[in-house]
Amino acid sequence: MDAQKEEITNRLRRIEGQIRGLQRMIAEDRDCGDLITQFMAARAALDQVGLSVITRYIEECGQSALENEEGKEKLTRAIRLWLKFS
C-alpha cells in the first residue's frame, strides 16, 4: 500500500474510533453539546478524507481523463458528487 493510501486508511480508522465514541456517549446519556461537538469533529474528519480521496483521483487520473470524452465525464461526475455532498 502506498503512503497516501495508508494515510487515508489510518484517518478512516480514527474516524471509526470517533464514531464508536459517539455510540458510547449516546449510551451513557452524555450532554447534547458534547455529542454535537464530537459529531462535528467526526464529520470534519470525514470531509478531509473525502478531499484527500478526490485530490488523489484528480492527481492520478486527471491528466489522462482529460484526453478523452469518457474520462472527462468521469472526472466531472466525481467533482460534482463531491460538491453535492460537501
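Turning next to the overall build of the protein. Secondary structure summary: the protein contains 3 helices and 0 strands in total. Secondary structure of the protein in N-to-C order comes out as α-α-α. In terms of C-alpha radius of gyration, the protein reaches 17 Å, well past the compact-globule figure of 12 Å for 86 residues. For the C-alpha atoms alone, the extent of the protein along its principal axes is close to 55 × 30 × 15 Å. Looking at the protein as a whole, 19% of its 86 residues are labelled buried. A separation of at least 24 residues holds for 54% of the contacts in the protein among residues at least 6 apart in sequence. Counting only carbon and sulfur atoms, one obtains 55% of the accessible surface of the protein, whose full area is about 6,600 Å². Of note, the protein has its 14 positive side-chain charges centred 2 Å away from the centre of its 15 negative side-chain charges.

A separate point is the confidence of the model for the protein. The predicted model of the protein averages 87 in pLDDT, with 94% of residues at 70 or higher. By mean pLDDT, helix H3 (residues 69-85) is the weakest element of the protein at 80, and helix H1 (residues 3-27) is the strongest at 95.

Here the focus is a nonpolar patch on the surface. A surface patch of nonpolar side chains, about 300 Å² in accessible area, is lined by Ile36, Phe39 and Met40. Examined against the element boundaries, phenylalanine 39 turns out to sit in helix H2 (residues 32-65).

What counts as what
Residues numbered from 1 in each chain as written. Predicted model: local features only at pLDDT ≥ 70, side-chain atom pairs only at ≥ 80, totals over all residues. Heavy atoms only, no water. Helix = DSSP H or I, 4+ residues; strand = E, 2+ residues; numbered from the N terminus. Rg over C-alpha atoms; globule rule 2.2 N^0.38 Å. Buried < 20%, exposed > 50% of the residue type's maximum accessible area, 1.4 Å probe, protein only. Contact = heavy atoms within 4.5 Å. Areas by Shrake-Rupley, 256 points an atom, 1.4 Å probe, with all protein chains shown as cover. Lys, Arg positive; Asp, Glu negative; His and termini not counted. Charge placed at Lys NZ, Arg CZ, Asp CG, Glu CD. pLDDT = per-residue confidence, 0-100. Patch = residues over 30% accessible without salt bridge, like charges linked within 9 Å, V, L, I, M, F, W, Y side chains within 5 Å. Salt bridge = Lys/Arg side-chain N within 4 Å of Asp/Glu carboxyl O.

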